[in-house]
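Analysis of the macromolecular model
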Amino acid sequence: MCGRFALTATPDQTAALLGLAELEDFPARYNIAPTQPVLMAISGAPRAPGSNLPDRQAMLVRWGLIPAWVKDTREFPLLFNARSEGAIEKASFKAAMRHRRALVPASGFYEWRQTGGKKGQPYWIRPRHGRLIAFAGLIETYAEPGGSEMDTGAILTVNANADIAHIHDRMPVVIDPRDFARWLDCRTLEPRDVDDLLRPAQPDFFEAIPVSDLVNKVANTGPEIQEKGEIGPEPGKVRRQKSGADDSQMTLF
């Protein structure tokens with residue numbers, strides 16, 4: 001899964017990656033969480049003949065997709081991730097997979113490895129090359145009962161590659177810049193035509209850096225949450241071994 005990520009690139013760098021004309025100024029965001037607004041890019045209206053303007057547009061989207069058919073959002077789960085396997089058929093995502101595929105710019109994401117304690121060990125997972133990347137995203141416009149509309153979105157995930165599997169079994173789908181046009185083309189390409197893009201990143205694409213538990217709190221939004229650090233076992237939480245037990249069988253609550 002992908003429950004937190006960061007976007008620390010400048011607006012100009014982000015626009016250049018996504019092929020956008022320009023973006024309004026925005027600050028670096030080190031701890032983006034579900035329900036917050038996230039930047040996504042979709043295919044825009046067709047360009048006029050002879051135009052050299054980009055045919056993509058940026059949107060601010062609530063991170064947490066709500067399908068159009070939902071009647072009561074209070075009884076509907078928060079869909080901030082979408083499993084790529086079966087997303088074409090799943091009722092919550094099939095319309096967005098067909099009509100509203102998007103790109104989500106990111107500098108990296110966070111994941112937690114469960115260590116046996118109450119709190120898992122968080123990791124800052126970033127591309128080894130250090131550049132900006134784009135996750136595969138989906139957008140759905142939800143019409144609220146009062147008549148107003150809200151753009152909502154999710155990040156597609158896939159089985160983790162060897163870089164991530166020891167931390168978590170899922171990871172976000174990363175779309176290569178060479179495939180941006182294919183992924184965003186909802187006019188001529190069906191979901192089955194881009195299914196091959198929903199795959200784990202190549203081995204050694206990411207590096208995982210253990211960080212402190214500052215990232216656990218949404219209120220912590222500064223660069224210090226990405227500083228290297230590890231969480232040790234909680235004091236007094238180590239179980240006593242039974243007589244004759246092997247040292248390797250010691251566990252934590």
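Every chain is numbered on its own, with residues counted from 1 as its sequence reads. Residue-level local features of this predicted model are given only where pLDDT is at least 70; pairs of side-chain atoms are given and counted only at 80 or more, and the full residue set underlies all totals for whole chains, interfaces and linings. Only hydrogens and water are set aside; all other atoms, that is, all heavy atoms of the structure, feed into the side-chain values.

Despite not being glycine, Thr35 has its phi angle at roughly 80 degrees, a positive value. Starting at the N terminus, helices and strands are each numbered in turn, a helix being any DSSP run of H or I of at least four residues and a strand any DSSP run of E of at least two. Structurally, the position occupied by Thr35 is in the loop between β2 (29-32) and β3 (37-43). Take Thr35: its relative accessible area is 46%, and that puts it in the partly exposed class. Of note, Asp204 is a non-glycine position whose phi angle comes to about 70 degrees, a positive value. Tracing the chain through its elements places Asp204 in the loop between α3 (180-184) and β12 (206-210). Residue exposure (1.4 Å probe, protein chains only): buried if accessible area is under 20% of the type maximum, exposed if over 50%, otherwise partly exposed. Residue Asp204 is classed as exposed on the basis of its relative accessible area of 52%.

Right, let's talk about the side chain of Arg4 for a bit. With respect to the element layout, Arg4 can be found in strand β1 (residues 4-7). Although Arg4 lies buried, it forms no salt bridge, and the closest oppositely charged side chain, Glu111, sits 9.9 Å away as judged by the N-O distance. Here a polar contact means two N or O atoms within 3.5 Å. Within protein one must be a hydrogen donor candidate and the other an acceptor candidate, and residues neighboring in sequence count only if both atoms are side-chain atoms. A distance of 3.1 Å separates the side chain of Arg4 from the side chain of Asn31, its partner in a polar contact. Of note is the side chain of Arg4, whose polar atom sits 3.2 Å from the backbone oxygen of Asn216. Setting aside chain neighbours within four positions, we find Arg4 in contact with Asn31, Ile32, Ala33, Trp63, Phe109, Tyr110, Trp112, Val215, Asn216, Lys217 and Val218. Neither His nor the chain ends is counted toward charge; the positive residues are Lys and Arg and the negative residues Asp and Glu. Here a salt bridge means any side-chain nitrogen of Lys or Arg lying within 4 Å of a carboxyl oxygen belonging to Asp or Glu. The contact criterion used is simple: two residues touch if any of their non-hydrogen atoms lie within 4.5 Å.

Keep in mind that these numbers describe shape and distance, not what the molecule does.
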